[in-house]
Amino acid sequence: MNEKTMNLINKILYYVIAPILILEFILTDLHIISFTKILFIASVVVLLILCVISFFYKKQHPDYEFKANEMYTRILFAIILLECFYSAGFFKW
């Protein structure tokens, strides 16, 4: 496996899988969709497989570093925090 493949895997994880999971949690909390075990399990399985591949590559190549867009990282972090606070009941509508 080369660095180009790892960059692709990390981009899929960061820019596709993570937003899909966050969107699923938000839409479920807002009762727009119902929780589906199949979608959740499929997302988690893909996430785990890609994370394991990334972990083992990083272990074999300690100098590898994935550079993500800093603004995207901040926005994703803020959305995750808002979702956690909403799930915990901090926002009562």
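A brief report on the enclosed structure follows.

What counts, and where the lines are drawn
Residues numbered from 1 in each chain as written. Predicted model: local features only at pLDDT ≥ 70, side-chain atom pairs only at ≥ 80, totals over all residues. Heavy atoms only, no water. Axes fitted to C-alpha atoms, helices over the stretch in contact; angles between N-to-C directions. Helix = DSSP H or I, 4+ residues; strand = E, 2+ residues; numbered from the N terminus. Parallel < 35°, antiparallel > 145°, perpendicular 65-115°, else oblique. Left-handed = near helix turned anticlockwise from the far one by under 90°. Contact = heavy atoms within 4.5 Å. Nonpolar A, V, L, I, M, F, W, Y, C, P; charged D, E, K, R; others polar. Phe/Tyr/Trp six-rings, centres within 6.5 Å; stacked < 30°, edge-to-face > 60°. Buried < 20%, exposed > 50% of the residue type's maximum accessible area, 1.4 Å probe, protein only.

### Thoughts on the packing of helix H1 (residues 3-29) against helix H2 (residues 37-60)
Argument step 1. In contact at an axis separation of 10 Å, H1 and H2 are set at 150° when each is read in the N-to-C sense. For the element pair H1 / H2, the angle class is roughly antiparallel. For H1 against H2, the interelement crossing comes out left-handed. Facing H1, whose interface residues are Glu3, Met6, Ile9, Asn10, Ile12, Leu13, Ile17, Leu21, Glu24 and Phe25, H2 presents Leu39, Phe40, Ser43, Val46, Leu47, Leu50, Cys51, Ile53, Ser54 and Tyr57.
Argument step 2. Class assignment for the residues of the contact of H1 with H2 results in 15 nonpolar, three polar and two charged.

### Section: the packing of aromatic side chains
Argument step 1. Counted by the stated rule, this structure contains six aromatic pairs.
Argument step 2. Centre to centre, the rings of Tyr14 and Tyr15 are 5.4 Å apart; their planes meet at 90°, and the pair counts as edge-to-face.
Argument step 3. Assessed through its relative accessible area of 32%, Tyr15 is described here as partly exposed.
Argument step 4. Judged by centre distance (5.3 Å) and plane angle (85°), the ring pair of Tyr57 and Tyr64 falls under edge-to-face. The burial state of Tyr57 is the same as that of Tyr64; both residues are buried.
Argument step 5. Of the aromatic side chains, those joined through ring pairs into one cluster are Tyr14, Tyr15, Phe66 and Tyr72.

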